[in-house]
Amino acid sequence: ENRFTDAISAYNAILDQGFYSAKLYYNLGNAYFKDGNTPKAILYYERALKLDPSYDDARFNLDLLNAGIQDRIDPVPEFILKTWMKKLCYASDSDNWTVLFIVFFAVFCGLVILFLLGRTVAARRTGFFTGIAALLLAVMCLSFAIWQKRDYMKADEAIVMRPVTSVKSSPSGEASKDLFILHEGTKVRLIDQVGAWSNIELADGRQGWMQSNDMEII
């Protein structure tokens, strides 16, 4: 047990120095998991995936822990095209998408030269149509890189840290009623904040207010 505590302290010390990576978040999640701190483990697996959505080991461990949390929330169905695009976008990280963008754009530039300087109609036709395909692929890769970067910069999701917390109808502990109960490890989306209270939304669409210090932002 002390070994895991020491590992957690060491990893957090690295984070305090301003260094971070998906691998570091993953290892910290593993340390918390082995130390028995499920919500913290979920938090750091989520942070690893936020930095690198293609991190299969982090996703596997996260799915394993999410299967054991107390709250069972059925998400609102997502538009199928958006789901496909998200899966394709998350097949790699933003750095790889950026590299692919550079490669495809370089190919596009070469094909433009072929189109302009080609000596035969066939060569110019090849340069034109293949260039369009390379440009479309370059734009797609750049879009995926920007998409992941934008998602990473958002601070609109959090993990519940308290074993049990009440979600209220308004940002007040006295002049509001309890809407439902959440347990540690549950993921919520942040909508608004008023003082020490945060307006949250669950994957199934339910909304309410809970104390901000009962959660930790991913």
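How each quantity is defined
Residues numbered from 1 in each chain as written. Predicted model: local features only at pLDDT ≥ 70, side-chain atom pairs only at ≥ 80, totals over all residues. Heavy atoms only, no water. 1 Å grid on protein atoms, 1.4 Å probe; cavity = no way out; pocket = protein on both sides within 12 Å on 5 of 7 lines; lining within 4 Å. Points joined across faces, edges and corners; volume = space filled by probe spheres on them. Helix = DSSP H or I, 4+ residues; strand = E, 2+ residues; numbered from the N terminus. Nonpolar A, V, L, I, M, F, W, Y, C, P; charged D, E, K, R; others polar. Contact = heavy atoms within 4.5 Å. Salt bridge = Lys/Arg side-chain N within 4 Å of Asp/Glu carboxyl O.

Could you give me a rundown of the layout of surface pockets, with the residues and numbers involved?
Taken as a whole, the largest pocket encloses approximately 1700 Å³ of empty space. In terms of lining residues, the largest pocket is bounded by 38 residues, among which E46, K86, E157, K187 and A203 are the most central. Elements with a contribution of two residues or more to the lining of the largest pocket: α3 (38-51), α4 (56-66), α5 (80-89), α7 (121-153) and β4 (187-194). Here the lining of the largest pocket is composed, by residue class, of 15 nonpolar, 6 polar and 17 charged. Taken as a whole, the second largest pocket holds about 210 Å³ of empty space. What lines the second largest pocket is Y20, A22, K50, L51, D52, D93, S94, D95, Q148, K149 and Y152. Of all the elements in the fold, those that place two or more residues in the lining of the second largest pocket are α3, α6 (94-117) and α7. If one sorts the elements of the lining of the second largest pocket by residue count, α7 sits on top with 3 residues. When the residues that make up the lining of the second largest pocket are grouped by side-chain class, the tally is 4 nonpolar, 2 polar and 5 charged.

If you had to explain the side chain of K40 to someone new, which residues and values would you point to?
Its place among the elements puts K40 in helix α3. In this structure K40 touches Y32, M161 and E216, once residues within four positions along its chain are discounted.

Could you give an account of the pattern of salt bridges, with specific residues and numbers?
According to the stated counting rule, one finds 9 salt bridges in the structure shown. For the salt bridge of E216 with K40, the shortest nitrogen-to-oxygen distance reads 2.9 Å. One end of the pair, E216, is in strand β7 (residues 215-217); the other, K40, is in helix α3, and 176 residues separate them in sequence. K187 is the salt-bridge partner of E46, the closest N and O atoms lying 3.4 Å from each other. Here the residue E46 occupies a position in helix α3, and K187 occupies one in strand β4, the gap between them amounting to 141 residues.

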